Amino acid sequence: MKIEYNKDLTGCNTFGMRVSCSCFAEYDTPEEYSSLYCVPPDGSPGGTSSGTAGKMPADLLPKPFLHIGGGSNLLFTGDFPGTVFHSRIRFIRELSRSGGNVLIEAGAGTLWDDVCVFCAENGLWGVENLSGIPGEAGAAAVQNIGAYGAEIKDIVEEVKCFDAVTLSMKTIKAEECGYGYRTSMFKEGAKGRYTVMSVVLRLSETPKPRLEYGHLREAVEAAGAGITPLSVRHAVLGIRNAKLPDPSKIGNAGSFFKNPVVPKFSFDIVENYAKSRYGDDYEVPHFDAGSGFVKIPAAWLIEQCGWKGKRHGNAGVYEKQPLVLINVTGTATPQEILDLERKIINSVETTFGIGLTPEVEHI
Ligand code: EPU
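All values derive from a computational prediction rather than experimental measurement.

A few words on the sheet that holds strand E2 (residues 20–27). Here we have 4 strands laid out as an open sheet, ordered E1-E2-E5-E3, and mixed in their pairing. Each end of this open sheet is capped by a strand with a single partner; those strands are strand E1 (2–8) and strand E3 (65–68). Taken over all neighbouring pairs, the strand axes of this sheet differ in orientation by 30° on average, direction set aside. Note: E3 against strand E5 (residues 80–87), 4 bridges, orientation parallel. Within E5, the residue paired with Ile68 across the bridge is His86.

Attention shifts here to the site of the ligand. Taken together, 23 residues sit near the ligand, with Tyr148, Tyr181, Tyr213, Glu303 and Lys308 positioned nearest. A distance of 2.7 Å is found between an oxygen atom of the ligand and a side-chain nitrogen or oxygen belonging to Tyr181. One of the side-chain nitrogen or oxygen atoms of Lys308 is found 2.7 Å away from an oxygen atom of the ligand. When the free accessible area of the ligand is taken as 820 Å², the share hidden by the protein chains comes to 82%. If you tally residues by element for the shell around the ligand, the top one is helix H7 (residues 298–304), at 3 residues. For the shell around the ligand, the class distribution of residues is 11 nonpolar, 5 polar and 7 charged.

Another aspect to go through is the pairing of strand E6 (residues 92–98). As judged from the 6 bridges shared by E6 and strand E7 (residues 101–107), these two strands associate in the antiparallel manner. Pairing of Ile92 across the sheet is with Ala106, part of E7. Hairpin connection, E6 to E7: the antiparallel pair is bridged by 2 residues, and Gly99 has positive phi, about 55°.

This paragraph deals with the pattern of salt bridges. Scanning the entire structure with this criterion turns up 23 salt bridges. Of the charged contacts in the structure, one is a salt bridge between Lys153 and Glu151, with a shortest N-O distance of 3.6 Å. For Glu221, the salt bridge identified is with Arg217, shortest N-O distance 3.7 Å. Taken together, the residues span about one helical turn, with Glu221 and Arg217 both in helix H4 (residues 216–223) at a distance of 4 residues. Here Glu221 falls in the partly exposed class, since its relative accessible area comes to 48%. You can call Arg217 partly exposed: its relative accessible area is 33%. One salt-bridge network, in which partners are shared between bridges, spans Glu157, Glu158, Lys173 and Arg202.

The rules behind each value
- Residues numbered from 1 in each chain as written.
- Predicted model: local features only at pLDDT ≥ 70, side-chain atom pairs only at ≥ 80, totals over all residues.
- Heavy atoms only, no water.
- Pairing = 2+ DSSP bridges.
- Helix = DSSP H or I, 4+ residues; strand = E, 2+ residues; numbered from the N terminus.
- Axes fitted to C-alpha atoms, helices over the stretch in contact; angles between N-to-C directions.
- Near = heavy atom within 4 Å.
- Polar contact = N/O pair within 3.5 Å; in protein donor to acceptor, adjacent residues only side chain to side chain.
- Areas by Shrake-Rupley, 256 points an atom, 1.4 Å probe, with all protein chains shown as cover.
- Nonpolar A, V, L, I, M, F, W, Y, C, P; charged D, E, K, R; others polar.
- Salt bridge = Lys/Arg side-chain N within 4 Å of Asp/Glu carboxyl O.
- Buried < 20%, exposed > 50% of the residue type's maximum accessible area, 1.4 Å probe, protein only.

Everything listed here is a matter of geometry and, on its own, says nothing about what the molecule does.
Below is the structure:
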């Protein structure tokens with residue numbers, strides 16, 4: 001285990017917040033991580049004289065604990081007083097093939113897009129729409145990443161974790177993961193209990209293109225290379241590059257807010273507003289969410305409130321996709337991002353009566 005004290009976290013969060021943590025611990029194998037929770041038979045480390053007898057190595061690290069992946073969906077609101085863990089368990093391997101289904105396993109610290117490259121190059125369907133999403137495989141399964149009509153939950157077979165309650169490894173089937181829109185039990189009820197070691201995904205050799213989102217089909221067809229996992233991947237990357245800022249150039253954490261799901265009567269208020277502003281033929285973008293609920297793109301609501309491309313000190317709203325808040329100068333402080341977040345929430349609330357909730361996790 002590599003342990004560093006007073007570590008600068010600027011390079012560990014794609015927003016580029018200049019914060020630090022008391023302790024940073026990186027591990028390479030599940031065994032290395034689980035050994036943190038073993039009581040050595042002789043009472044070490046530290047020996048009895050230092051009062052550490054019977055303690056697990058984890059007891060000796062500063063609290064609280066936080067586990068991060070690529071730091072691509074986080075907003076550090078200040079220095080972190082405890083220990084930040086990061087997995088370097090990196091591998092992708094094929095587990096089995098039968099009836100057109102291929103199971104692959106990826107270590108939690110594997111770059112998510114490396115998984116997408118592996119599948120595209122091997123002609124496997126299932127992750128191509130999720131190409132180019134920053135972050136790592138473990139965190140992808142925790143937050144149920146999604147894009148262009150696909151979510152990782154649809155192809156997760158099982159998640160292999162360390163359980164901090166039973167102090168043992170546990171394999172959790174997808175149906176037990178409590179998946180929802182950008183969430184899972186790992187982020188909610190069981191937060192802090194499980195640490196993902198690897199993810200098993202179910203890919204398909206049989207073509208299963210999902211091209212109905214936006215202009216994806218047009219983009220794939222325009223490229224003229226047929227419909228393959230690789231051609232869909234390239235089309236998705238092209239659309240992402242045109243709309244979303246590259247975190248290595250402009251600090252950001254992807255969509256900052258969730259798309260709100262509201263009762264039909266709330267949508268009617270939004271629709272009346274839009275028709276009075278743009279005329280009766282205007283169509284507010286929305287998706288039927290079932291049971292009398294409607295999902296409205298937060299990007300549209302934010303744009304209507306005049307935020308697109310606006311700056312607040314060193315923070316700003318991305319001009320091509322207002323759902324993304326950016327660290328414009330690279331020197332934005334957490335407070336500047338939080339102020340901008342509050343202002344946007346207030347104006348959407350005042351204009352439409354809809355409360356936006358952040359998608360990015362605040363630490
Ligand atoms: N829109 C506007 N103005 C804009 C941009 C978009 O009004 O400037 C409206 C348009 O009506 C557009 C709609 O918003 O049709 C949806 O836009 P987009 O397709 O870009 O998707 P999104 O709903 O804003 C979601 C995910 C993204 C994901 C895209 C594509 C969430 C919170 N975000 O954004 O995920 O890439 O769909 O599938 O669900 C992320 O989670 O970090 C992320 C980037």
